[in-house]
Amino acid sequence: MSWVVHSTVPYPMLKEPDTPRMLSAAGVGPEIYLSGATLDAITPVEAESVAETLRKAGIRSLSFHAPFEDVWPGARDEEARRFAVRRIEGAIALAPVFRPAGIVLHGGYSDWLFDFQPEKWFAPARRSFGELAEAAEKAGTDLFVENVFDEIPDHLLRLREAVDSPRLHFCFDPGHATLFSRLPVQKWAEAFGEGIRLMHVHDNRGRRDDHLPVGEGGINFRGVLLAVRDAGAHPILTVEPHRKDHFPRSVAGLHTILSTIP
């Protein structure tokens, strides 16, 4: 079974000549993180140039990660909610230029932030994701909502059902599920099922979001990948090194595991 592998890359790094070459040599596409600062600074001419550089480097598959810092699509404050939609729409607007397989974005729910009352999050989140799904449809791309502080998959499952858009799917993050949920990671895979279109692959030791290379923490990624496969999904696999020297170790660790999966 062949797998498509991406790696998280902040957009500014793509303007460094070594980055596209490094990705291409590893056979890895970028999951381009578009921060708010990037969206404020990027010009159409620059976007076209960077996209063309990636194509010339032989990179045929990529994805986006939308802004998430201070971006809350489920915000109770209507002005904050509208701001979140505008920020994420800024990433969606670049899709026709880069042609990503999809755009990862955070759902923004946490029991602690919403007083253990998911309804406070659900109503504004449903509105935001409905608007974002319409924008994604016009741009010809998909949205992958990621579990972050979610303790159970139910809220994201309910959100997808309520929005009822063929553009809305899941980014499954087993590292976050390990840290913030008491459910076995395999149960998350079963719950999201065929809706998993992208999976983040980073390890941790169960205490903080370390973003370690695969195999350097405590997560059984072979078991996770088997559960994802058995759930009927075949997602893009995105390693998420937060240090440049972790990139080769992350890719190598993932390929070592993939070589054991029939």
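Throughout this description, residue numbers start from 1 for each chain and increase along the sequence as written. Local features are withheld for residues below a pLDDT of 70 in this predicted model, meaning they are given only at 70 or higher, and side-chain atom pairs are given and counted only at 80 or more; totals for whole chains, interfaces and linings count all residues. Side-chain numbers come from the whole structure's heavy atoms, not from hydrogens or water.

A. Structural context of helix 6 (residues 118-139). A run of H or I in DSSP becomes a helix once it reaches four residues, and a run of E becomes a strand once it reaches two; helices and strands are each numbered from the N terminus. Expected span, for any helix, means 1.5 Å times one less than how many residues it has. With 22 residues, helix 6 should reach 32 Å at 1.5 Å per residue; the first-to-last C-alpha distance of 30 Å fits that figure. The angle separating two fitted axes, one through the seven residues that finish at a residue and one through the seven that start at it, defines the bend at that residue. A bend of about 25° at Ala-125 is the largest found in helix 6. Only protein chains enter the accessibility calculation, which uses a 1.4 Å probe; a residue is then buried when its area is under 20% of its type maximum, exposed when over 50%, and partly exposed in between. Buried within helix 6 are the following residues: Trp-121, Phe-122, Pro-124, Ala-125, Ser-128, Phe-129, Leu-132, Ala-133, Ala-135, Ala-136 and Ala-139. Against helix 4 (78-92), helix 5 (95-98), strand 4 (103-106), strand 5 (143-146), helix 7 (154-163) and strand 6 (168-172) lie the buried residues of helix 6. Any pair of residues with heavy atoms lying within 4.5 Å of one another is described as a contacting pair.

B. Region of the structure containing the side chain of Ser-7. Along the chain, Ser-7 falls in strand 1 (residues 5-10). Excluding its chain neighbours within four sequence positions, the residues that come into contact with Ser-7 are Leu-23, Val-28, Gly-29, Pro-30, Glu-31, Thr-238, Val-239, Pro-241 and Phe-247.

C. Spatial organisation of the nonpolar core. Judged by nonpolar contacts, the single largest core of 75 residues is most densely connected at Ile-32, Phe-98, Phe-172, Met-199, Leu-225 and Leu-254. Among the elements that line this core, the one with the most residues is helix 6, at nine residues. The residues contacting Met-199, other than those within four sequence positions of it, are Phe-172, Pro-174, Phe-221, Val-224, Leu-225, Val-228, Pro-235, Ile-236, Leu-237 and Thr-238. Among the buried residues, those of types Ala, Val, Leu, Ile, Met, Phe, Trp, Tyr and Cys that are joined through side-chain atoms within 4.5 Å form a nonpolar core.

D. Just helix 11 (residues 246-258), in detail. Across its 13 residues, helix 11 extends 18 Å between first and last C-alpha, which sits within 8% of the 18 Å expected from 1.5 Å per residue. For helix 11, every residue scored as buried is listed here: His-246, Phe-247, Ser-250, Val-251, Gly-253, Leu-254, Ile-257 and Leu-258. Summarising the axial view, the buried residues of helix 11 lie within an arc of 165°, below the 170-degree limit, and thus occupy one face. Check the buried side of helix 11 and you find it contacts strand 1, helix 1 (18-26), strand 7 (196-201), helix 10 (221-230) and strand 8 (236-239). The arc in question is formed by the directions pointing from the helix axis toward the C-beta atoms.

E. Main features of the pairing of strand 7. Burial analysis of strand 7 places five of its six residues in the buried class, which makes it a mostly covered element. Where strand 6 meets strand 7, three bridges bridge the pair, whose relative direction is parallel. By the bridge assignment, Phe-172 is partnered in strand 7 with Met-199. With four bridges connecting them, strand 7 and strand 8 associate as parallel partners. Following the sheet pairing, His-200 is matched in strand 8 by Thr-238. When the strands point away from the viewer and the connection leading from the first strand across the helix to the second strand turns clockwise, the crossover is called right-handed. One crossover worth recording links strand 7 to the parallel strand 8 by way of helix 10, and it is right-handed. Should DSSP find at least two bridges between two strands, the strands are regarded as paired.

F. How the structure looks around the sheet that holds strand 4. With parallel pairing, eight strands are arranged side by side around a closed barrel as 1-2-3-4-5-6-7-8. Neighbouring strand axes in the sheet, compared pairwise and without regard to direction, differ in orientation by 30° on average. Pairing between strand 3 (residues 63-65) and strand 4: two bridges, direction parallel. Each bridged residue has a counterpart across the sheet, and for Phe-64 the counterpart in strand 4 is Ile-103. Seen against the sheet, helix 6 touches strand 4, strand 5 and strand 6 and runs at an angle of roughly 150° to strand 5. Interaxial angle, 0 to 180 degrees, is taken between N-to-C directions of lines fitted to C-alpha atoms, where a helix line uses only the stretch in contact. This element, helix 7, spans strand 5 and strand 6 of the sheet and lies at about 160° to strand 6.

G. Structural view of the packing of aromatic side chains. Two aromatic rings from Phe, Tyr or Trp, using only the six-membered ring of Trp, form a pair when their centres are within 6.5 Å; if the ring planes differ by under 30 degrees the pair is stacked, by over 60 it is edge-to-face, and anything between is tilted. Applying the stated criterion to the full structure yields ten aromatic pairs. Ring centres of Tyr-109 and Phe-114 lie 5.6 Å apart, and the angle between their planes is 20°; on these two criteria the pair is classed as stacked. For the residue pair Tyr-109 and Phe-114, the accessibility class agrees, reading buried in each case. By way of ring pairs, the aromatic residues Tyr-109, Phe-114, Trp-121 and Phe-122 are connected into one cluster. Two limits define a charge over a ring: the Lys NZ or Arg CZ must be within 6 Å of the ring centre, and within 35 degrees of the ring normal. Positioned over the ring face of Phe-122 is Arg-158, at 3.7 Å from the centre of the ring.

H. Highlighting the layout of surface pockets. In this structure, the largest pocket occupies an estimated 640 Å³ of space. Here a cavity denotes a set of grid points, spaced 1 Å apart and computed over the protein atoms alone, in which a 1.4 Å probe fits but from which it cannot get out, and a pocket denotes an open set meeting protein on both sides within 12 Å along at least five of seven lines; residues with an atom within 4 Å of a point are reported as lining. What lines the largest pocket is a set of 32 residues, among which Thr-8, Phe-68, His-211, Glu-240 and His-242 lie closest to the centre. Mapped by element, the contributors of at least two residues to the lining of the largest pocket are strand 1, helix 1 and strand 2 (29-33). Per element, the largest residue contribution to the lining of the largest pocket is four residues, and it comes from strand 1. When grouped by side-chain class, the residues that make up the lining of the largest pocket number 15 nonpolar, nine polar and eight charged. Considering only enclosed or pocket space, the second largest pocket measures out at about 150 Å³ in volume. For the lining of the second largest pocket, the element with the most residues is helix 3 (residues 44-56), which contributes three residues. Grid points are joined across faces, edges and corners, and a volume is the space filled by probe spheres set on the points. Residue type decides the class: Asp, Glu, Lys and Arg count as charged, Ala, Val, Leu, Ile, Met, Phe, Trp, Tyr, Cys and Pro as nonpolar, and the leftover types, Gly among them, as polar.

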